[in-house]
Amino acid sequence: VCSSDLLIDLNPSLVYRAGAELQAHGHPVAAQGIVARAETLLRDRLKATPDDTRTRYDLALAWYLTGRWEEAHRIIERLAAEEPGSLTYAGMLGTLAALRGDRREAEEISAELVRAGGSRPSPGRTYWRARIAAALGERDLAVRLMRQSFDQGNHFTLQLWHWIPELAGLAEDPPIDR
């Protein structure tokens, strides 16, 4: 058995993944415990290196996983300002906006992902639009976008269903060809 301290020392994102797996398999209390411990350790790291992008992103992921979407949004918003054009930060901002109930912002970010891609297909942009749609509760659109993302070259991984809470319900949808 590994402690969360050891997991964070090896790779902080392992803690997020472990917490997400525990949550996906019906162990929310254990997931909350490991993510809470990760949060403490990540905050300690940030005291020593406050500008470390990876640590800030990992902390935002921990908060996202535990439903602390406002806190996660604040971190991702700062990271996006530091790295304009980041697809990951834009997609997370849209997803977090949807989870926070800000439909207008979520839809604006989704539309911007379309505009930024131009006429060139982008499985990453389509994937993030699917996450935003799923977080908005637009299941049919999310399924259609996930299928489109796969058609554009996105590869199925367990991450899509286990590590991404808003996509978890889509894994059982027959139209998604895995």
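Above: the structure in question.
Starting afresh in each chain, residues are numbered from 1 along the sequence in its written order. pLDDT decides what is reported in this predicted model: residues at 70 or higher carry local features, side-chain atom pairs at 80 or more are listed and counted, and totals for whole chains, interfaces and linings draw on all residues regardless. To get the side-chain values, all heavy atoms of the structure are used, and hydrogens and water are removed first.

Engineer: So what's going on with the packing of aromatic side chains? Which residues, and what values?
Structural biologist: Two aromatic rings, drawn from Phe, Tyr or Trp (for Trp, its six-membered ring), form a pair once their centres lie within 6.5 Å of each other, and the interplanar angle then sorts them: stacked below 30 degrees, edge-to-face above 60, tilted otherwise. By the definition in use, this model includes 2 aromatic pairs. Taking the centre distance of 5.9 Å and the plane angle of 55 degrees together, the rings of Tyr-57 and Tyr-89 count as tilted. Highlighted residues: Tyr-57 in helix α4 (residues 53-65) and Tyr-89 in helix α6 (residues 87-99), separated in sequence by 32 residues. Under the scheme applied here, a residue whose accessible area is under 20% of the maximum for its type counts as buried, over 50% as exposed, and between as partly exposed, the area being computed with a 1.4 Å probe on protein chains only. A residue is classified by how much of its surface remains accessible, and Tyr-89, at 8% relative accessible area, is buried. Here a strand is any run of E in DSSP of at least two residues, a helix any run of H or I of at least four, and the numbering for each starts at the N terminus.

Engineer: Give a detailed account of the pattern of salt bridges, specifying residues and quantitative values.
Structural biologist: Put simply, a salt bridge is a Lys or Arg side-chain nitrogen that is within 4 Å of an Asp or Glu carboxyl oxygen. Evaluation of the coordinates by the stated rule reveals 13 salt bridges. Ionic pairing is found between Arg-68 and Glu-71, a salt bridge with its closest N-O pair at 3.3 Å. Judged by relative accessible area, Arg-68 falls into the partly exposed class, the value being 26%. The closest approach of N and O atoms between Arg-104 and Glu-108, which form a salt bridge, is 2.7 Å. Linking Arg-104 with Glu-108, this pair stays in helix α7 (residues 103-117), spanning 4 residues, or about one helical turn. For Glu-108, a relative accessible area of 43% puts it in the partly exposed group. Among the charged side chains, a network of salt bridges with common partners joins Glu-39, Arg-43, Arg-68 and Glu-71.

Engineer: Can you explain the side chain of Ser-110? Please cite residues and give values.
Structural biologist: Residue placement: Ser-110 occurs in helix α7. Exposure remark for Ser-110: the relative accessible area of 13% places this residue in the buried category.

Engineer: Describe the environment of Gly-91, and please don't skip the residues or the numbers.
Structural biologist: The residue Gly-91 is located in helix α6 in this model. The exposure class of Gly-91 is buried, given its relative accessible area of 0%. Residues Gly-91 and Ile-76, 15 residues apart in the sequence, show an inter-C-alpha distance of 9.9 Å.

Engineer: I'd like a rundown of the side chain of His-73, residues and numbers included.
Structural biologist: Within the fold, His-73 resides in helix α5 (residues 69-82). On the basis of relative accessible area, His-73 is assigned to the buried category, the value being 6%.

Engineer: Could you give an account of the packing of helix α3 (residues 28-48) against α4, with specific residues and numbers?
Structural biologist: For any two helices packed against each other, the geometry comes down to the angle between their axes and how far apart the axes lie. Where α3 contacts α4, the two axes come as close as 10 Å, and the packing angle between them is 155 degrees. With respect to each other, α3 and α4 are oriented roughly antiparallel. Note that α3 runs across α4; the crossing there is left-handed. In this structure, α3 uses Val-35, Glu-39, Leu-42, Arg-43, Arg-45 and Leu-46 to contact α4, whose residues at the interface are Thr-55, Arg-56, Asp-58, Leu-59, Ala-62, Trp-63 and Leu-65. Partitioning the contact of α3 with α4 into residue classes produces 7 nonpolar, 1 polar and 5 charged. Lines are fitted to the C-alpha atoms to define the axes, a helix being fitted only along its stretch in contact, and any angle between axes, read from their N-to-C directions, falls within 0 to 180 degrees. An angle below 35 degrees is read as roughly parallel, one above 145 as roughly antiparallel, one from 65 to 115 as roughly perpendicular, and any other as oblique. Left-handed describes a crossing whose near helix is turned anticlockwise from the far helix through less than a right angle; right-handed describes the clockwise counterpart. Residues count as neighbours in contact if any of their non-hydrogen atoms are within 4.5 Å of one another. Basically, the charged four are Asp, Glu, Lys and Arg, the nonpolar ten are Ala, Val, Leu, Ile, Met, Phe, Trp, Tyr, Cys and Pro, and anything else, Gly included, counts as polar.

Engineer: Which residues make up the environment of Leu-170, and what values go with them?
Structural biologist: Structurally, Leu-170 is set in the segment after α10 (158-163). The class for Leu-170 is buried, based on a relative accessible area of 3%. C-alpha of Leu-170 to C-alpha of Arg-139: the two residues are 31 residues apart in sequence and 7.5 Å apart in space.

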